[in-house]
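Listed below, chain by chain, are the residues.
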Amino acid sequence: MKIETLVPYHLPHEEILLSIASSVIFKELELLDCPKVRLSEVIEQPQYGYTASASHEPVGVKFVRITDIQAGKIEWDSVPYCECEYPDKYLLRENDILFARTGGTTGKSFIVKGDIPDSIFASYLIRIRPKKGAISDFLYWFFKTKQYWSQIVAEKKGSAQPNVNGKKLSSLDISVPESSIQEAIANYLNSYKSKVYGDLLELPSLPAILKDAEKKVAKIESVMAKIEEARRLRAEAVIEVEKTIKSILRKMFLNDGWITDKLGNICDTTSGGTPSRERPNFFNGEIPWLKSGELNDTLIVDSEERITEEALQNSNAKIFTKGTLLIALYGATTGKTGILDIDAATNQAICAIFPNKNIIERDYLHWFLRFKRDDYLFKSFGGAQPNISQKLLKETEISIPPLHEQRRIVAYLDSLQVKVDELKKLQAETEKEIEELVPSILDKAFKGEL
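What comes next is a walk through the structure. Everything numeric in this text was worked out from a predicted model, so none of it was measured.

1. Side note on the overall build of the chain
In step 1: For the chain, the helix and strand inventory stands at 11 helices and 21 strands.
In step 2: Taking all 450 residues of the chain together, 46% fall into the buried category.
In step 3: Pairs at least 24 apart in sequence give 75% of the contacts found in the chain among residues at least 6 apart.
In step 4: Total accessible area on the chain is roughly 23,400 Å²; 50% of this is exposed by carbon and sulfur atoms.

Now the structure itself:
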């Protein structure tokens, strides 16, 4: 059986290790012909949470929602309140297990531990409690396994909105050994979690019948550590090279021997516009339409969206020609630049810059603007989001070496950018390799090939 994924959402390295370890142990239970039962046989009737509006005023009881469960814990001080006429029915207690029953983390679970203030849980959560003979921590670790997620994902297929309800949970298959083995597995995985997150402790031993699983977990941990180290080193290499480029930019562009001038004196600028959206065929045209979010400091910029000639004519939008230097004036990409690879129209959040070719090279100006943004010399004034006004842009002081020196600088910086791009490509390949390796490692563990 080919395992394509472990869980249907992103996990940090530590949680991947925990999911693999729990999956291997539960697989070993299957190989030992441990009794497999429906979850309904070992849990009480699943319960849905309370429907109410949350309030930050301290009225009633604490009101735990999906969003209050982050990184495997609840920050109780930030949990809001709600008024509930009959809170006893929904009160949380230690070892309750909560499930997200809808949304992007559908099926994700959380076990309630520690000091718990008077709290109830919201309607987008489901609570389960074990019956006598079942241990909460053992069940919780099952909900981390590939065996659990493969059943949840199968249930979610074909649904317009991902969801898990009490009936689906109750129908899941789970291998349930005797209580002493459940407890041993729970203690081992709880300790393994502490170790993964940095505690220096010796793991308790698993029962003799699970020794093979214990050895597999140790092997997987060793392999995953090497994979994570490769990922870390490549990520650090990218960061260090980008830091080096920023340092080089600072040294180059803060040269006291060069003349300076304001951008507005050596360049023309004009912003894009907003085409009319009154007509339904706004995006069914031939003219490339570029938004500020698509600027990423590359030397080429393309756009997948296309607007109609009619929409363009009924607006103040403009078409800029291939080779035009652009800069984002506001939004998440404020200060980001790009050079058009095609003729395209842009929205009003983009400004086109047309340098005087007798004074300044376009590609030199492109690099200089990147330096300005990275050096925090562009300031944002008045407004909730970052912004650069055209007035501020025109007032920006530009260092202007001779044209031949500008060309030399551009050639050098472009060569450095090639190295950064190569490192980023390697980093992306590493991420892809890891995505492929993790299920492969788990598959080998399941087949006894580790």
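2. Section: the packing of helix α1 (residues 13-31) against helix α6 (residues 211-253)
In step 1: Across the interface, α1 lies against α6 with an axial gap of 9 Å and an inter-helix angle of 155 degrees. Considering the angle they form, α1 stands roughly antiparallel to α6. Between α1 and α6 lies a crossing whose hand is right-handed. On α6, the residues that touch H13, I16, L17, I20, A21, V24, I25 and E28 of α1 are D212, A213, K216, V217, I220, E221, M224 and E228.

3. Side note on the sheet that holds strand β15 (residues 306-307)
In step 1: With respect to topology, 4 strands assemble into an open sheet ordered β15-β14-β19-β16, the strand pairing being mixed. Looking at which strands have only one partner, the edges of the open sheet turn out to be β15 and β16 (319-320).

4. Some points on the sheet that holds strand β9 (residues 119-121)
In step 1: The 3 strands are arranged β6-β3-β9 in an open sheet whose pairing can be described as mixed. With one partner strand each, in any of the chains shown, β6 (81-82) and β9 form the two edges of the open sheet.
In step 2: In terms of strand pairing, strand β3 (residues 61-64) meets β6 through 2 bridges, oriented antiparallel. Residue pairing in the sheet places K62 in a bridge with Y81 of β6.

5. Some remarks on the packing of α1 against helix α5 (residues 179-196)
Helix packing for two helices is described by the angle between their axes and how far apart those axes are.
In step 1: Between α1 and α5, the least distance of the axes is 10 Å, while the angle of their chain directions is 160 degrees. In this view, α1 runs roughly antiparallel relative to α5, as classed from their interaxial angle. When you trace α1 past α5, the crossing you get is right-handed. Across from E14, L17, L18, A21, S22, I25 and L29 in α1, the residues of α5 making contact are I185, Y188, L189, Y192, K193 and V196.
In step 2: Looking at side-chain class alone, the contact of α1 with α5 contains 10 nonpolar, 1 polar and 2 charged residues.

6. Observations regarding the pattern of salt bridges
In step 1: The full count for this structure, using the stated rule, is 20 salt bridges.
In step 2: The salt bridge partner of E229 is R232, with a shortest N-O separation of 2.6 Å. Of this pair, E229 and R232 both sit in helix α6, 3 residues apart, roughly one helical turn.
In step 3: We classify E229 as partly exposed; its relative accessible area is 35%.
In step 4: E240 serves as the salt-bridge partner of K243, at 3.9 Å between the closest nitrogen and oxygen. Remark: E240 and K243 occur in helix α6; sequence separation between them is 3 residues, near one turn of the helix.

7. Remarks on the pairing of strand β13 (residues 267-271)
In step 1: Burial along β13 is one-sided: C267, T269 and S271 are buried, and none of D268 and T270, which face the opposite way, are.
In step 2: Pairing analysis gives 5 bridges linking β13 to strand β20 (residues 350-355), with the strands arranged antiparallel. Across the sheet, residue C267 finds its bridge partner in β20, namely P355.

Cut-offs used in this document
Residues numbered from 1 in each chain as written. Predicted model: local features only at pLDDT ≥ 70, side-chain atom pairs only at ≥ 80, totals over all residues. Heavy atoms only, no water. Helix = DSSP H or I, 4+ residues; strand = E, 2+ residues; numbered from the N terminus. Buried < 20%, exposed > 50% of the residue type's maximum accessible area, 1.4 Å probe, protein only. Contact = heavy atoms within 4.5 Å. Areas by Shrake-Rupley, 256 points an atom, 1.4 Å probe, with all protein chains shown as cover. Axes fitted to C-alpha atoms, helices over the stretch in contact; angles between N-to-C directions. Parallel < 35°, antiparallel > 145°, perpendicular 65-115°, else oblique. Left-handed = near helix turned anticlockwise from the far one by under 90°. Pairing = 2+ DSSP bridges. Nonpolar A, V, L, I, M, F, W, Y, C, P; charged D, E, K, R; others polar. Salt bridge = Lys/Arg side-chain N within 4 Å of Asp/Glu carboxyl O.

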